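# Residue-level structure breakdown
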There are 2 protein chains.
Amino acid sequence: MLSVGIDIGGTDTKAGVVDEAGLVVGRLTAPSPSLSARAAEDSIVGLVEQLSEAWPVGAVGVGAAGWVDRDLASVRFSPHLAWRDEPLAARLADRLPLPVLVDNDANAAAWAEYSFGAGAGARILVLITLGTGIGGALVVEGKVFRGAFGLAGEWGHTAVVPQGHWCPCGNRGCWEQYASANALLREARQLVATGSPQAAALAALNESGGLTGAAVTALARQGDQASAELIGEMGTWLGLGLANVAAGLDPDVFVVGGGLSRAGGLLLDPARAAYARSLTGRGFRPLADIRPARLGNDAGLVGAADLARQAALASA
Amino acid sequence: MLSVGIDIGGTDTKAGVVDEAGLVVGRLTAPSPSLSARAAEDSIVGLVEQLSEAWPVGAVGVGAAGWVDRDLASVRFSPHLAWRDEPLAARLADRLPLPVLVDNDANAAAWAEYSFGAGAGARILVLITLGTGIGGALVVEGKVFRGAFGLAGEWGHTAVVPQGHWCPCGNRGCWEQYASANALLREARQLVATGSPQAAALAALNESGGLTGAAVTALARQGDQASAELIGEMGTWLGLGLANVAAGLDPDVFVVGGGLSRAGGLLLDPARAAYARSLTGRGFRPLADIRPARLGNDAGLVGAADLARQAALASA
């Protein structure tokens, strides 16, 4: 059975037709309407209708950047979209002749990496995505772990520095303030502000208005020492945070995705070193694998499509 | 079926005959021999033999303060005992005519609280025990969650303060250095050392050589303001740490046990306040219940006995 996966991000909504092997056989993209829940719903319905005309699809899975009830029907809250306690699955099912499932985008991505990507074979898989913040999700023995209220996986908001940097979640010292594209950008700006000659390349970027997390990552890959050091600092905080996750959950595989993961070894080598140095009981236990994600930007839509396909088959 | 539960602590080994309702119908205690693995094994065998003479028991469960493989057979490492990669279940089964199961003591206690105590009905139960350090365990939808390598639940060793207090695990800033009987004792000593008149009652305890975590807890319950404030500080750190656990795991119930939990509301009220103030997404999600443990010191042996009984029935 083919199914449609939808990944609603802060800026774009991506839709794809996905086969049973996790391959995207067709795709469409539309801007995410952030002003009204109804507009977002219309956009999803339009994308699904277009794709259904060209392919015989049997289910629709939506991965939303927000908190989804564990009944996989309602979006409690979305930071970037206008949804508050929105019964999205029911509304879409009213307008589409297909079964609809809604899940958190990180859950969908973790499922995709587990089923078709870097997490294959993991007993306990933790996905960490480093973007604006830190996204997270957990697959335990072949099942997405959603928590008692559907809100598991928010390790990005564990407090790692008392009275540390403010976080948009309203707390201070959250892990994502120390290991994310936004954290990288903040640190790069502060380094530029010192006027240090080390930061010449970053200062030039800043002058031209092009200082972004992606640009710093690109500079680091081109060999800029200061940028590489900033990424290394993110990597160290990443490893420390993974050790915190491992203390509680003891996974065998971490998969690291998101924009910042494009830094590759510049990020993951310091992360692995910090993890090995910080893991409680190190020396008496195996180290979990820390692997780069494999499905890139498609993980969310592939996972949402596959979860919807499996739910449709199970209820058929 | 009756089964024997054994709880091997750092000082005492407690053994009990437990029925299917979790009641301890008979019990024995012996000092824990810490010098050799063989002596600990002899002690367990002796306790089981004595209890088997008086009751018709069908299985033996051992809860060990240490890291137990997820096959529930070997103790990888025990901080207080002489076990290193010790195939304890096989050694005991060689010497006893009964099926033997070995599990981590916190796992056993969490199972007992879930089955017969404060955690009844929880979808996702997190047990936190505040003693020398912080013990932890997790029951997910009626099953103990052990992690990929059997080492889950060590939230006490998540780093919450960069460059914070040293921990016996070899790291700095671990949560258990801020919320445990040992942390309470350290803070009480430091307060006494200031010579503050606030600390008069604590100073008197110290003079007489009686300054322990339990004594500070007792003073606080008798109304000593300084002691109550110290316990309140532990409670605040407890709540902050529970919010960290909830960010990742989203449980519906926390059960708090261990010696320090005898402080009751002096500990748990500030913990609940700090939890409600620190939980990420507060206002958009339900708050988990934070409940005092109900089975006290018996939780470990009751849980070990019940896990062993269930394993014996399942393999029969």
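Residues numbered from 1 in each chain as written. Chains lettered and ligands numbered in written order. Predicted model: local features only at pLDDT ≥ 70, side-chain atom pairs only at ≥ 80, totals over all residues. Heavy atoms only, no water.

### Observations regarding the sheet that holds strand β4 (residues 57–64) of chain A
Residue and element names in this part refer to chain A. Spatially, β3-β2-β1-β4-β8 is the arrangement adopted by the five strands of the open sheet, whose pairing is mixed. Of all strands in the sheet, those bounded by a partner on one side alone are β3 (24–31) and β8 (100–104). Ignoring strand direction, the axes of neighbouring strands in this sheet form an average angle of 20°. Pairing analysis gives six bridges linking strand β1 (residues 2–8) to β4, with the strands arranged parallel. (Pairing = 2+ DSSP bridges. Helix = DSSP H or I, 4+ residues; strand = E, 2+ residues; numbered from the N terminus. Axes fitted to C-alpha atoms, helices over the stretch in contact; angles between N-to-C directions.)

### A closer look at the packing of aromatic side chains
In the structure shown here, the tally under the stated rule is six aromatic pairs over all chains. Relative to Tyr114(B), the ring of Trp111(B) has its centre 5.6 Å away and its plane inclined at 35°; by these criteria the two rings are tilted. Pair noted here: Trp111(B) and Tyr114(B) are both in helix α3 (residues 105–116), with a separation of three residues, about one helical turn. You can call Trp111(B) buried: its relative accessible area is 7%. The ring of Tyr178(A) carries Arg186(A) above its face, with NZ or CZ at 5.8 Å from the centroid. (Phe/Tyr/Trp six-rings, centres within 6.5 Å; stacked < 30°, edge-to-face > 60°. Buried < 20%, exposed > 50% of the residue type's maximum accessible area, 1.4 Å probe, protein only. Lys NZ or Arg CZ within 6 Å of the ring centre and 35° of its normal.)

### Observations regarding the interface of chain A and chain B
Taken residue by residue, the interface counts 48 residues in chain A and 48 residues in chain B. When chain A packs against chain B, the two sides together hide about 3,800 Å² of surface, and 58% of this comes from carbon and sulfur. Counting across the interface, chain A meets chain B through two salt bridges. Elements represented by at least two residues in the side of chain A that touches chain B include exactly β6 (75–77), β10 (134–140), α7 (225–249) and α8 (265–278) of chain A. By residue number, the principal contributor to the side of chain A that touches chain B is α7(A), which donates five residues. (Contact = heavy atoms within 4.5 Å. Buried area = accessible area lost by both parts, 1.4 Å probe. Salt bridge = Lys/Arg side-chain N within 4 Å of Asp/Glu carboxyl O.)

### Re the pairing of strand β1 (residues 2–8) of chain B
Residue and element names in this part refer to chain B. Burial of β1 is extensive: seven of the seven residues sit out of reach of the surface. Burial along β1 is two-sided: Leu2, Val4, Ile6 and Ile8 facing one way and Ser3, Gly5 and Asp7 facing the other are all buried. Of the strand pairs in this sheet, β1 and strand β2 (residues 12–18) are connected by six bridges, and their pairing is antiparallel. Along β2, the bridge assignment pairs isoleucine 8 with threonine 13.

### Considering the pattern of salt bridges
Residues and elements named next belong to chain A. One pass over the structure, following the stated rule, counts 32 salt bridges over all chains. A salt bridge links arginine 285 to aspartate 250, with the nearest nitrogen and oxygen atoms 3.3 Å apart. Of the two residues, arginine 285 is situated in the loop between α8 and β13 (289–292) and aspartate 250 in the loop between α7 and β12 (253–257); the sequence distance between them amounts to 35 residues. Here the salt bridges do not stand alone but share partners, grouping Arg38, Glu41, Asp42, Glu86, Arg91 and Arg95 into one network.

### Regarding the domain arrangement of chain A
All names here are of chain A. Here chain A is partitioned into domain 1 (2–112 + 297–315) and domain 2 (120–293). Facing 14 residues of domain 1, the contacting portion of domain 2 comprises 16 residues. Together domain 1 and domain 2 conceal approximately 1,300 Å² of surface at their shared face, both sides included; 59% is due to carbon and sulfur atoms. In this assembly, domain 1 and domain 2 are joined by one salt bridge. Note that aspartate 103 and arginine 146 form a salt bridge whose closest N and O atoms lie 2.5 Å from each other. The tally of links between domain 1 and domain 2 comes to one residue pair in polar contact (both at pLDDT 80 or more). Listed by contribution, the elements that provide at least two residues to the side of domain 1 that touches domain 2 are β5 (67–68) and α3 (105–116). For the side of domain 1 that touches domain 2, the element with the most residues is α3, which contributes five residues. Considering only residue class, the side of domain 1 that touches domain 2 consists of eight nonpolar, two polar and four charged. (Domains from an automatic or database assignment. Polar contact = N/O pair within 3.5 Å; in protein donor to acceptor, adjacent residues only side chain to side chain. Nonpolar A, V, L, I, M, F, W, Y, C, P; charged D, E, K, R; others polar.)

### So, the relation of the copies chain A and chain B
Between chain A and chain B, the superposition needs a rotation of 180° and an axial shift of 0.0 Å, giving an RMSD of 0.0 Å. These values place the two chain copies in the arrangement generated by a two-fold rotation axis. For chain A, the residue whose C-alpha comes nearest the rotation axis is Val160(A), separated from it by 2.4 Å. Comparing contact sets, 100% of the residues at the interface of chain A also lie at the interface in chain B, consistent with an isologous, same-surface contact. (Least-squares fit on C-alpha atoms with pLDDT ≥ 70 in both.)

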